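The lines below spell out each chain.
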Amino acid sequence: MTALQEAPAQEIGRDRRRKEDARLITGRTRWTDNIQLNGMLHLTMVRSPFAHAKITGIDTSAAKEADGVVGVFTGQDLGDSQGACINAWAITTDQVTPTHLPMPTDRVAFAGEVVAVVVARSAAEARDAAELVEVDYEELPAALDLKEAANDTVLAHPDLGTNKSAFWRFDSAEAGTGGNVEEAIAAARESGIVIEREYRQQRLIPAFMEPRSVVVDPTGEQITMWSATQIPHILRFALAATTGVPESKIRVIAPDVGGGFGGKLQQTPEEMIAFAVARKVGRPVKYTETRSESLLTAHHGRDQWQRLTLAATKDGTVTGLKIDLLADLGAYVALVGGGVPVLGAFMFNAIYKFPAYQFNCQTVLTNKTWTDAYRGAGRPEATYAIERLMDELAHELGQDPLAVRERNWIKHEEFPFQTVAGLQYDSGNYEAATARAKEIFGYDDLRAEQARRRASNDPVQLGIGVSTFTEMCGLAPSRVLGQLNYGAGGWETASIRMLPTGKVEVITGASAHGQGHETAFSQIIADRLGVPFEDVEILHGDTQVAPRGLDTYGSRSLVVGGEALVRAAEKVIDKARPIAAHLLEANVDDLEFKQGRFGVRGTEAGIGLTEIAGAVFAAHNLPDGVEPSIDADATYDPVNFNFPHGTHLCAAEVDTETGAVKLRKYTCVDDIGVIINPLIVSGQVHGGLVQGIAQALWEEAVYDDTGTLVSGTFTDYLLPTAADTISFDIDHTTSPATTNSLGAKGVGEAGTIASTPAVVNAVVDALRPFGVADVQMPCTPERVWRAIHATEGDQA
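Residues numbered from 1 in each chain as written. Predicted model: local features only at pLDDT ≥ 70, side-chain atom pairs only at ≥ 80, totals over all residues. Heavy atoms only, no water.

A. Just the overall build of the chain, in detail. Of the regular secondary structure elements, the chain holds 22 helices and 28 strands. When the backbone C-alpha atoms are referred to their principal axes, the chain occupies close to 95 × 75 × 50 Å. Buried residues in the chain amount to 61% of all 796 residues. Intrachain contacts of the chain at a sequence separation of at least 6 include 79% that bridge at least 24 residues. For the chain, the exposed surface amounts to about 29100 Å²; the carbon and sulfur share of it is 48%. The chain carries 69 positive and 105 negative side-chain charges, and their two centres are separated by 2 Å. (Helix = DSSP H or I, 4+ residues; strand = E, 2+ residues; numbered from the N terminus. Buried < 20%, exposed > 50% of the residue type's maximum accessible area, 1.4 Å probe, protein only. Contact = heavy atoms within 4.5 Å. Areas by Shrake-Rupley, 256 points an atom, 1.4 Å probe, with all protein chains shown as cover. Lys, Arg positive; Asp, Glu negative; His and termini not counted. Charge placed at Lys NZ, Arg CZ, Asp CG, Glu CD.)

Pasting the structure below:
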């Protein structure tokens, strides 16, 4: 037994530099592309230049004779061994889902689809030989325009007979969560206000820092795959389920992964092809995409048309909301692609007390790259729509947009609150976040400056944009996901191993790709077990080390995976308690655990948890019937989502002569519950803000009328740099979540969800004197200029 020692300082709430960063910034990382194996071969994909075409012939003879080439394979060559890309979320029982082979055998459905793979001794030799593969195509009409595709003008998959994949509806009257929306709209037309708008969510590309890469080694007892993926566990399941290889014979490792933003939440054709080729040639293989391939064929995001109807009384109290959505799936129904707009269905009502609500979504197949989750996944689209609508309502009423929001939002004393969309918001304080944001932003002063500029006809007008948002995150409750026909659960697992040296080894089913898991999780464990932060090691991303898990997406790592850690830690303490009592010769009921030690109440006697770990390892003096282990596992499946929220305010200057938009000031006050590591949170918020602002001002994936992606390089797909943005003022209020013991809420997507409407609202606000009510994203100088001059023409 040791004397009482000074306990480690509290970790939760402490700024900690990330454990991961030392190796990341000193080049000691293990990206997938860095992996070298003896005898490894390299792959290059031969891709279709056409958006839609029959494959009438493939001549691989010249490529097979090229220097260094080991083999050239087509879909016919690989057959069933290539498996299939799965859709894990059929949103309706009658969803139309085209078969998605990694390499099609008879027809390509988007430009960039793989039709053959070259295997060579070096990457350069594989690339050169790929140029020698001759593919004959019979080009077919392509379904490219979303609205036309929804009318089946041209079929993306002629064998299916339609482009309409699934129609999904939520109606508050049918669900018993609210009134009849058609009646609410009809009443508003008679004696209130009806706002009808159509907004475009442009197509976006995740553009993660590290291109996708995969290495497969088939030479051991297991087939081992290293992949730059967010989902090693789900990927292993998909490989086994579609190739027939037993899951126990597959090991998937996600080593250091350089970002994802949802773009690596996928079972990719390239992973499946590499798996099949490695098995066929019996040697390790590697495939790493080029940046152009990444932009062309890694899945895209957003791409919706939103038709919206908001009903309100003449004083601005909302009475109904109706959403009609067209969502472009691209050529295939991706892993969770069809479900992305469904996630938004529960968020269009946002923080407001709508008494009636209806959401209608038609998902549509086109001959473009398939879409799936992209940072926020459904929630940014919903938030954009409702926050733009609330600004339109305020303009119609001639009232301040914050005043209209306050009239309609849920008051802090009304929590927990059952929404019209059927969710229960557990906690929040919209008043506090908004008051703090207004104070930091200098809202009243900026409104006064705006009035002066308008009065003087300043060519550079000032716009003020508002976004008060909430989101559902911690994608998890398995029963809810089951009700939505999702193909998996939402639980997460954790294991804690108390090592005899006093160190702690923690295994999590979450898989990091830049979020700082190793740091934040170490802080949680250090506090719960009372051990030094430095003595905790987090293991993840390897299905052999962490055999169970559901990986990382939807801001779930902390609120689901972190809670699993807490529960495993509590089990460790519970298992150690009778051993501590035995060693201290005390009654179990007289023990208390505090800051890493069991103490006997009323005395100074005590023993540390790490000492117990050593005693358990020796097992020389344990109570009868107690196993020699205090290691513990836990699986956590929450009963509800959690709901961060915040108020974002943006001031933008718009040059009315050139259309140029310049951000002047941006303030956000987010309520993400209890903060584990403020430094990591700041990084998440800053990165999220830039990503959302980029949608508002710069980013757009553009196809020409043949289905060729014309924004396939960073010359044309405009990612912002630090020089394009400004410093942000960020702060927080705290309403602890009640759905987990940490009191934490998700933060990874908050900035992206809230910032896009804040910026666009600011741009439109600056142009109100010109009669402009909308600028389609991205708000480029040309679009802003054209919007100004279009209204001038109308006024003339």
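B. Structural view of the sheet that holds strand 4 (residues 107-108). With antiparallel pairing, the three strands of this open sheet are ordered in space as 4-2-6. Since the sheet does not close on itself, it has two edges, and those belong to strand 4 and strand 6 (134-139), each with one partner. Sheet topology places strand 2 (residues 53-59) next to strand 4; two bridges connect them, and they run antiparallel. Its bridge partner lying in strand 4, A53 is registered against V108. (Pairing = 2+ DSSP bridges.)

C. View of unusual backbone geometry. At the junction of F415 and P416, the peptide bond is cis and its omega measures out at -5° in the coordinates. Its place among the elements puts P416 in the loop between helix 13 (401-408) and strand 16 (417-418). In this model, M777 is joined to P778 through a cis peptide bond whose omega is -10°. On the secondary structure map, P778 appears in the loop between helix 21 (750-767) and helix 22 (781-795). In this model, A377 sits at a positive phi of 45°, which is unusual for a non-glycine residue. Here D551, not a glycine, exhibits a phi torsion of approximately 75°, which is positive. The residue D551 is located in the loop between strand 21 (536-539) and helix 18 (557-584) in this model. Look at D551 and you get buried, because its relative accessible area is 0%.

D. Focus on the side chain of Q684. Structurally, the position occupied by Q684 is in helix 20 (residues 678-697). Among the residues examined, Q684 registers a relative accessible area of 16% and is labelled buried. Apart from residues lying up to four places away in sequence, Q684 is in contact with R375, Q515, V747 and G748.

E. Inspection of the pattern of salt bridges at higher detail. Evaluated as defined, the whole model comprises 54 salt bridges. Note that E11 and R16 form a salt bridge whose closest N and O atoms lie 2.8 Å from each other. Taken as a pair, E11 and R16 share a single burial class, namely buried. Here K575 and E627 are joined by a salt bridge, their closest N and O atoms 3.0 Å apart. Residue K575 is found in helix 18, and its partner E627 is found in the loop between helix 19 (609-618) and strand 25 (632-636); the two are separated by 52 residues along the sequence. On the basis of relative accessible area, K575 is assigned to the partly exposed category, the value being 24%. Beyond isolated ion pairs, a larger network of salt bridges with shared partners links R47, R212, E270, E289 and E293. (Salt bridge = Lys/Arg side-chain N within 4 Å of Asp/Glu carboxyl O.)

F. Quick look at empty space enclosed by the protein. Across all of its chains, the model carries four cavities of 30 Å³ or more by this definition. Within this model, the largest cavity holds a volume of roughly 90 Å³. As for the largest cavity, its lining consists of R212, S213, V214, S227, A228, T229, K264, Q266, T268, E270, E271 and Y287. Looking at the lining of the largest cavity, the elements that each hand over two or more residues are strand 9 (213-217) and helix 9 (269-281). (1 Å grid on protein atoms, 1.4 Å probe; cavity = no way out; pocket = protein on both sides within 12 Å on 5 of 7 lines; lining within 4 Å. Points joined across faces, edges and corners; volume = space filled by probe spheres on them.)

G. Region of interest: the sheet that holds strand 27 (residues 661-671). Spatially, the four strands line up as an open sheet ordered 18-26-27-28, and their pairing is mixed. Each edge of the open sheet is held by one strand with a lone partner, namely strand 18 (460-470) and strand 28 (729-733). Within this sheet the neighbouring strands show an average axis-to-axis angle of 15°, counted without direction. Pairing of strand 18 with strand 26 (residues 645-655) involves 11 bridges; the strand directions are antiparallel. Counterpart to V466 in the pairing with strand 26 is L649. Across the sheet, helix 20 lies against strand 26, strand 27 and strand 28, angled at about 135° from strand 27, the strand it touches most. (Axes fitted to C-alpha atoms, helices over the stretch in contact; angles between N-to-C directions.)

H. The arrangement of the packing of aromatic side chains in detail. The final tally for this structure, using the stated rule, is 15 aromatic pairs. Here the aromatic rings of F415 and Y430 are separated by 5.6 Å at their centres, their planes lie at 75°, and the arrangement is edge-to-face. One end of the pair, F415, is in the loop between helix 13 and strand 16; the other, Y430, is in helix 14 (residues 430-441), with 15 residues separating them in the sequence. Here F415 matches Y430 in class, with each residue buried. One aromatic cluster in this structure is built from W168, F170, F346, F348, Y357 and F359. The aromatic ring of F533 is capped on one face by K19, whose charged end is 4.6 Å from the ring centroid. (Phe/Tyr/Trp six-rings, centres within 6.5 Å; stacked < 30°, edge-to-face > 60°. Lys NZ or Arg CZ within 6 Å of the ring centre and 35° of its normal.)

I. Spatial organisation of the nonpolar core. Membership of the largest hydrophobic core comes to 96 residues, with the highest contact counts inside it found for L310, F348 and F359. For this core, the leading source of residues is helix 12 (residues 379-397), giving nine residues. Ignoring any residue separated from it by four or fewer positions in sequence, one finds F348 in contact with Q306, L308, L321, I323, L325, Y357, F359, E381, A382, A385 and I386. Among the nonpolar cores identified, the runner-up in size contains 49 residues, and I496, L565, A580 and I680 belong to it. (Core = buried A, V, L, I, M, F, W, Y, C linked by side-chain atoms within 4.5 Å.)

J. Molecular detail of the pairing of strand 9. Summarising burial for strand 9: five of the five residues are buried, a large majority. Residues of strand 9 alternate between two faces, with S213, V215 and D217 on one and V214 and V216 on the opposite face, all of them buried. As defined by bridge partners, strand 9 adjoins strand 12 (residues 285-288) across four bridges and the pair is classed as antiparallel. Of the residues in strand 12, the one forming a bridge with V214 is Y287. Where strand 9 and strand 10 (residues 223-227) come together, four bridges link them in antiparallel fashion. Of the residues in strand 10, the one forming a bridge with V214 is S227.

K. Highlighting the environment of F348. Within the secondary structure layout, F348 lies in the loop between helix 11 (340-345) and strand 15 (357-365). Through-space distance from the C-alpha of F348 to that of A276 is 43 Å; in sequence the pair is 72 residues apart.

L. Here's a closer look at helix 17 (residues 517-529). For helix 17, built from 13 residues, the straight-helix expectation of 18 Å at 1.5 Å per residue is met to within 8% by its first-to-last C-alpha distance of 18 Å. Within the sequence span of helix 17, burial applies to H517, E518, T519, A520, F521, S522, Q523, I524, I525, A526 and L529. Among the residues trailing helix 17, G530 stands out with phi positive, at a value near 70°. (Expected span 1.5 Å × (residues − 1).)

M. A look at the environment of T369. By secondary structure assignment, the location of T369 is in the loop between strand 15 and helix 12. In contact with T369, other than residues within four places in its own chain, are F110, A111, R203, L296, T297, A298, H299, H300, L329, G330, A331 and Y703. Side-chain polar atoms of T369 contact the backbone oxygen of L296, separated by 2.6 Å. (Polar contact = N/O pair within 3.5 Å; in protein donor to acceptor, adjacent residues only side chain to side chain.)

N. Just the packing of helix 18 against helix 19, in detail. Where helix 18 meets helix 19, the axes come as close as 10 Å, and the angle between the chain directions of the two elements is 75°. In terms of their interaxial angle, helix 18 and helix 19 are classed as roughly perpendicular. For the pair helix 18 and helix 19, the contacting residues are V572, A576, I579, A580 and L583 in the first and L609, I612, A615 and V616 in the second. Looking at the contact of helix 18 with helix 19, its residues break down into nine nonpolar, no polar and no charged. (Parallel < 35°, antiparallel > 145°, perpendicular 65-115°, else oblique. Nonpolar A, V, L, I, M, F, W, Y, C, P; charged D, E, K, R; others polar.)

O. Examining helix 19 more closely. Those residues of helix 19 that sit buried are L609, I612, A613 and V616. Buried residues of helix 19, seen end-on, are gathered within an arc of 105° and therefore sit on one face of the element. For helix 19, the secondary structure elements touched by its buried residues are strand 19 (492-498), helix 17, helix 18, strand 22 (591-594), strand 23 (597-600) and strand 24 (606-608). A619 sits one or two residues past helix 19 and shows a positive phi near 60°. (Arc of directions from axis to C-beta.)

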